[in-house]
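# Chain and residue survey
Below, each chain spelled out in residue letters.
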Amino acid sequence: MQTWLKGKRVGYWLSEKKIKKLNFQAFADLCRKRGIDVVQLDLEKPLEEQGPLDVIIHKLTDVILEADQNDAQSQELVQRFQDYIDSHPETIILDPLPAIRTLLDRCRSYELIRRLEGCMQDDRICSPPFMELASQCGEDTMAELKKHKLTFPFICKTRVAHGTNSHEMAIIFSEDGLKDVKPQCVIQSFINHNAVLYKVFVVGESYTVVERPSLKNFSPGVSSQSRGGPDRKTIFFNSHNVSKPESSSDLTALDVVEGVCRPPSDEVIRKISRNLREALGISLFGIDVIINNQTGQHAVIDINAFPGYEGVPEFFTELINHIQVVLQDQNPESPQFSQNNTAPEQAASICGDRACPAASGFVTMATKETWLMEDDPSNSKRLQHQRLSCNSALPPNFQNCVAPMATKASSQ
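Turning our eyes to something else, we now look at the nonpolar core. Counting residues in each nonpolar core, the largest one holds 52 residues, and the members touching the most others are L60, F81, V200, I272, L276 and I287. Each residue touching I272, except ones within four places of it in the same chain, is listed here: M120, I125, I287 and V300. Ranked by size, the runner-up nonpolar core spans 30 residues in total, among them Y12, L94, V203 and L284.

As C-alpha cells, then:
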C-alpha cells in the first residue's frame, strides 16, 4: 500500500444499473486495499456532509439530460453537484460536466472531431462529413447535403448521444429515402469498413481496443437488381444490437472483404485519444473507430462518456492507477507514478507546427477557439484538474495491437 494514499477519499455517483453492470463494489474493495476510502454519494443529501472528497467519479448523463429538459428535481441535483465543485476547486472531477454535455450532443462532438482532424494534420485520420437536420427535408435539402459534402448512403442519428433512443438509426440510400428522415437529427456519411467496428475504451493515459461486428459494405443508391432498378429502401436498425459481441444478422454479414482490411494503428489511436483527452479534459470515455476500406483511414464515428467497458478485464486496475496519477499532482512528495509505470516526461505537441497547447484548461487552437462548447462562467474558479483531468504527456510505452478482440495500450 502506498502510504501517501492512505486517507484519500473517492466519492462516486452511478446509477444502480451501472453499479451492478460494472460490479463497482469490486472497485471499492480494490481502492481500500490501497488505503483509499470510497464513498457512494447521495445527491439528494448535501455533499458537504459526505465529504471531504479528493476525487469524484460520476456518470450523471441521465440526470443532465433530464435537467436540460427542465425536470425540476434533476436540475436541483445537478445544481447541488455543481455548487460543491465550485466550493471545492481542489476536488478532482472525473469528468467535468461541460465536457459531458459536449459528448451528449452529437453535433458538438462531431464538430470537435472535425477540428481535431484539422489540428492533427494526419492523412491517416478522417472525420466523416455531417450536418444537422432541424426540420423536415425540403427542396433545399439536396443542396445542403452537397454543401456539407454528404453523399449517399448516409446514416441518420439522434442528436442526443445517450439513452435507448440514441441507438435507433437509419441508413438513407437516395433522395427518395429523405422522406424517412425524422428531425431533429444528425446525418453522417456512411463509410464502408468491411463490417468491423473498433471500440476504444479510454481510462486516463491507457486504452483498450475491442473489435466488434458492424454494418456491412453498401453501395450508393441504386438497387443491385438492375442498373435502372428502384432505389434501395431505407434500413432502420439499432446500433447497440448490431455491435454486440455475439451479434449475427444480415446487416453484419459480409459476403466479400473489399479493399483495405487491417486493424487500427496504435500510433493513430493513441494520437486520437490523447487529443480528445486534452481537448475536453476527460478521462473516462469511448471512441468508435472504423477503417475506411478504400483509403485505410481511421474514422471516428462516435464518442461516448463513461462507456460500459465490456471486454476490458482490467478496467478497475486502470481506473485506480489513473486516480493515483491525478492524486499525486496534489502530493508533490509522493513517488511519481504513471499508468504505464514510467516516469512522466514533457513531450512535444503531436500537432506539429500547429500546436494545440494544453493551457490551464481546455485546449485552445491558434485561432483562440475553445474546445468547451458552451459558456461556463464558473471556469475561472476551478483548478486545472477539474477541467483537464489527465496527467502530463508520457513517453510511448504500449503493446502492439495484435490480438483481434482486445488490445491494451498507453494513449501517451
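So that's the structure; there's more coming.
One pass over the full model with this rule turns up 17 salt bridges. Residue R32 pairs with D29 through a salt bridge whose shortest N-O separation is 3.5 Å. Taken together, the positions of R32 and D29, both in helix α2 (residues 24-33) and three residues apart, correspond to about one turn of that helix. For R32, a relative accessible area of 43% puts it in the partly exposed group. The closest approach of N and O atoms between R274 and E278, which form a salt bridge, is 3.2 Å. Separated by four residues within a single helix, R274 and E278 lie in helix α9 (residues 266-280), roughly one turn from each other. Judged by relative accessible area, E278 falls into the buried class, the value being 16%. A cluster of three or more residues bridged by salt bridges with shared partners is formed by D105, R108, E132 and R159.

Before going further, it helps to examine the packing of helix α6 (residues 106-120) against α9. The interhelical angle for the contact between α6 and α9, taken along N-to-C directions, is 115°, at an axis separation of 11 Å. As for the relative orientation of α6 and α9, their crossing is right-handed in sense. In this structure, α6 contributes L112, L116, C119 and M120 to the contact, and α9 contributes K271, I272, N275, L276, A279 and L280. Partitioning the contact of α6 with α9 into residue classes produces eight nonpolar, one polar and one charged.

Going through the model one piece at a time under the given rule, you end up with 13 aromatic pairs. Between F152 and F154, the aromatic rings sit 5.3 Å apart at their centres with planes inclined by 25°, giving stacked as the arrangement. Judged by its relative accessible area of 1%, F154 is buried. Chaining the aromatic ring pairs together yields one cluster made of Y12, F24, F27, F201, F306, Y309, F315 and F316. One Lys or Arg, R232, reaches over the ring of F173 and ends 4.8 Å from the middle of that ring.

Take the sheet that holds strand β9 (residues 185-189) next. An order of β6-β9-β7-β8-β12 is seen for the five strands of this open sheet, with the pairing classed as antiparallel. At either end of the open sheet lies a strand with only one pairing partner, and these are β6 (130-133) and β12 (235-238). Between one strand axis and the next, the sheet turns by 25° as a mean value, whatever way the strands run. In this sheet, β9 lies alongside strand β7 (residues 154-158) in antiparallel orientation, the contact comprising five bridges. Counted as the bridge partner of F154 is S189 from β9.

Ordered by their spatial adjacency, four strands build an open sheet running β2-β1-β3-β4, and the pairing between neighbours is parallel. Single-partner strands in this sheet number two, and they are β2 (37-40) and β4 (92-94). The average undirected angle you get between the axes of adjacent strands in this sheet is 20°. As paired strands, strand β3 (residues 55-58) and β4 are joined by three bridges and run parallel to one another. Of the residues in β4, the one forming a bridge with I56 is I93.

For the pair α2 and helix α10 (residues 315-328), interaxial distance at closest approach is 10 Å and the crossing angle is 45°. It follows that α2 is oblique to α10 by the angle criterion. Handedness of the α2/α10 crossing: right-handed. Of the residues in α10, those touching α2 at F24, A26, F27, L30 and C31 are F316, T317, L319, I320 and I323.

Time to look at α9. Given a rise of 1.5 Å per residue, 15 residues ought to cover 21 Å, and the 21 Å separating the end C-alpha atoms of α9 matches this to within 8%. Where burial is concerned, most of α9 is hidden: 14 out of the 15 residues are buried. Two to three positions downstream of the cap, the backbone nitrogen of E267 sits 3.2 Å from a side-chain oxygen, assigning the N-cap of α9 to S265. Residue G281 follows α9 closely and has a positive phi angle near 75°.

Of the residues in the protein chain, 76% reach a pLDDT of 70 or more, and the chain-wide mean stands at 81. Averaged over each element, pLDDT in the protein chain is lowest for helix α11 (residues 384-387) (44) and highest for strand β13 (residues 284-291) (98). Between residues 222-228, whose pLDDT stays under 50, and residues either more than four places distant or in other chains, the model counts nine contacts. A low-confidence stretch, residues 341-405 stays under pLDDT 50, and its non-local contacts, those more than four residues away or across chains, total 150 contacts.

This model, assessed by the stated rule, comprises zero disulfides. C185 supplies the cysteine sulfur nearest to C107, a cysteine that is in no disulfide, at a spacing of 9.0 Å. A relative accessible area of 11% means that C107 is categorised as buried.

The rules behind the values
- Residues numbered from 1 in each chain as written.
- Predicted model: local features only at pLDDT ≥ 70, side-chain atom pairs only at ≥ 80, totals over all residues.
- Heavy atoms only, no water.
- Core = buried A, V, L, I, M, F, W, Y, C linked by side-chain atoms within 4.5 Å.
- Buried < 20%, exposed > 50% of the residue type's maximum accessible area, 1.4 Å probe, protein only.
- Contact = heavy atoms within 4.5 Å.
- Salt bridge = Lys/Arg side-chain N within 4 Å of Asp/Glu carboxyl O.
- Helix = DSSP H or I, 4+ residues; strand = E, 2+ residues; numbered from the N terminus.
- Axes fitted to C-alpha atoms, helices over the stretch in contact; angles between N-to-C directions.
- Left-handed = near helix turned anticlockwise from the far one by under 90°.
- Nonpolar A, V, L, I, M, F, W, Y, C, P; charged D, E, K, R; others polar.
- Phe/Tyr/Trp six-rings, centres within 6.5 Å; stacked < 30°, edge-to-face > 60°.
- Lys NZ or Arg CZ within 6 Å of the ring centre and 35° of its normal.
- Pairing = 2+ DSSP bridges.
- Parallel < 35°, antiparallel > 145°, perpendicular 65-115°, else oblique.
- Expected span 1.5 Å × (residues − 1).
- Polar contact = N/O pair within 3.5 Å; in protein donor to acceptor, adjacent residues only side chain to side chain.
- pLDDT = per-residue confidence, 0-100.
- Disulfide = S-S within 2.5 Å.

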